[in-house]
Amino acid sequence: MCGIIGYIGDKKTIPILINGLQKLEYRGYDSAGVCISNNGDLKTIKKKGKLQKLVDTIATQDIDGPIGIAHTRWATHGEPNEKNAHPHLDCKGEIAIVHNGIIENYSSLKKLLEKHGHKIESDTDSEIIAHLVEKFYKDDLESAVREALQLVDGAFGLAVIHKNEKKIIAARRGSPLIIGIGKNEMFVASDVPAILEHTKKVIYLNDNEMATISQGGYEIKNLEGKRVAEKVEEIKWTIDQIEKKGFKHFMLKEIFEQPEAISNTLRGRIKEDRIKLSVNFDVKDISRVLITACGTSWHSGLIGKYILESIAQIPTEVDYASEFRYRKPLIKSDDLLVAISQSGETADTLAALREAKEQNAKTLGIVNVVGSTITREVESGIYLHVGPEIGVASTKAFTSQVVSLILLALHIRQEKGLKVDKKIIKELFRLPKKIAEALKSAEDIKKIADKFKDSKNFLYLGRGVNFPVALEGALKLKEISYIHAEGYPAAEIKHGPIALIDEDMPVVFVVTKNNLTQKTISNMQEVKAREGRIIAIVNKGDKEIKKITDYVIMVPETVDELSPIINSIPLQLLAYYIAEAKGMDVDKPRNLAKSVTVE
Ligand code: F6R
């Protein structure tokens, strides 16, 4: 996820672009850049790091003009540095582009362009677009962009300028883009906050639409060049409401972003039932997977154990990174160490990774933040591509980590020459819709949360692949509501925790359909017999469960391996609504930090 803003008009462009980027910093902040077009000349300034570095550099230079595009980056391809920052230019320095999204076929396009003599400077997928436009440019930027985009697979929100043309071309497929309409001025941006100070009149571009904007107006066409009717909308929200997309907290916004986030994790990684992961080493020879992580990422690792053992048929161990690094683990060169981390900076996970490297294990990272320390130290990696996670309590990164582990398991299975189950692949593609379906229970969950907000303790129980889901549900609740909560394998309660159960103990059961459902129902009976109050996460049509349950939350059914992803959604919502009902600082819970860089 990156932020884009473009301006054409009669005011000073630089302050408008900088101000817009500041409003978009929540979309990405590892590097930023601007390109100004003035009298047949393009001037570009880019800086690695926080936006302020760019602002300070621009302040030392005399640069402005009537047209400009700017970008704040959240790296997907290529680490955050000046070379990879946007805007990107073509070979002659006449065309500049800013891009948000992922170009899936960029390596084949890169080869093609290099064959035709183009020199690609950066490691990004985005720069390819500047060169493609150059290839097709014959004094008409709009046609050149249109032709270039015919060759592109993947997602884009795009703004393009040419030094000799007084216009900006904007195009969208899969990544949001809006056009802002002012008086004698026009804007393009990836989100409303960037331009709200200047205009409240916007057009939301639809997928496969292109806009040509000039100082005096705009024209919207589809990618085939046919005019399309546009709808001009009036923005009524305040800036704060818009950054959180109208949600009260970033955490809630991120919970609701999960259908899109999971689509982004999957994008380009399965083609014709084949898994396409760029793992740099041969996974056939791996004899064991060692997963290491902390907190929520450790929970996804626990789910990963079930998944890797059942799908990839490979023995898997999971360790807290803080334990792994000090327990003198026995590691062999045919072990694969998988480090899971949203931030890519967690000190314990990094130390565990270094320990494994020292003992010659192969290493792979499952990380969200591109260019973070872990991504630089592993041999291979799977990026989550879910965009910045701002709420301290991890939600969309967690479900995306589980999806990434499934992709890894399928990849290993495929490389071992074993048949890949098409049902899992089908269900992976259905996940975004099923998550959206699960999110529809939000209002019902809010009502349940109101009833339980004063509870002092909670138990979360699940079995099999849903036992770690219970652990994660309990962690989410304690982090943001400060209510004591514990997760257990459901069958384990009779070995101790059952002593805690009485009418004051809410027990959340994850009891969706699988080979353990009947056994979990017996565990529910044990709780019911002791007057515990049960909230159950179930699939449709489970009448027997309804009879013994006080509150039922329905989620769509899927294959067992994918059920943790869907089943986590109501648990995230339950934790959120309880914390919200208690008036907690949901996005910044006390004593917690988003990135834990100390041990
Ligand atoms: C919980 C949470 C933490 C992190 C943990 C590891 O909601 O966010 O438990 O999961 O601190 O962080 P990363 O994944 O950045 O290594």
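Scroll up a little and you will see the structure.
## A closer look at the site of the ligand
Near the ligand there are 13 residues, and of these Ser297, Ser341, Gln342, Ser343 and Thr346 occur at the shortest range. A distance of 2.7 Å is found between an oxygen atom of the ligand and a backbone nitrogen or oxygen belonging to glutamine 342. Burial of the ligand by the protein chains amounts to 89% of its free accessible area of 410 Å². Taken together, the elements giving at least two residues each to the shell around the ligand come down to helix H9 (295–311) and helix H16 (467–481). Take the shell around the ligand: its biggest share by element is three residues, from H9. Here the residues of the shell around the ligand sort into three nonpolar, eight polar and two charged.

## A closer look at the sheet that holds strand S7 (residues 156–162)
Read from one edge to the other, the open sheet built from six strands follows the order S5-S6-S7-S8-S12-S13, with strand pairing classed as antiparallel. The sheet is open, and its two borders are formed by strand S5 (88–89) and strand S13 (217–222), each paired with just one other strand. Bridge analysis of strand S6 (residues 95–100) against S7 gives six bridges, and the strand direction is antiparallel. Among the inter-strand pairings, alanine 96 is bridged to a residue of S7, identified as isoleucine 161. The strands touched by helix H4 (residues 127–136) are S5, S6 and S7; relative to S6, the strand with the most contacts, the crossing angle is about 140 degrees. Running over the sheet, helix H5 (residues 141–150) touches S7, strand S8 (168–173), strand S12 (209–214) and S13 and is turned about 145 degrees from S7.

Thresholds applied
Residues numbered from 1 in each chain as written. Predicted model: local features only at pLDDT ≥ 70, side-chain atom pairs only at ≥ 80, totals over all residues. Heavy atoms only, no water. Near = heavy atom within 4 Å. Polar contact = N/O pair within 3.5 Å; in protein donor to acceptor, adjacent residues only side chain to side chain. Areas by Shrake-Rupley, 256 points an atom, 1.4 Å probe, with all protein chains shown as cover. Helix = DSSP H or I, 4+ residues; strand = E, 2+ residues; numbered from the N terminus. Nonpolar A, V, L, I, M, F, W, Y, C, P; charged D, E, K, R; others polar. Pairing = 2+ DSSP bridges. Contact = heavy atoms within 4.5 Å. Axes fitted to C-alpha atoms, helices over the stretch in contact; angles between N-to-C directions.

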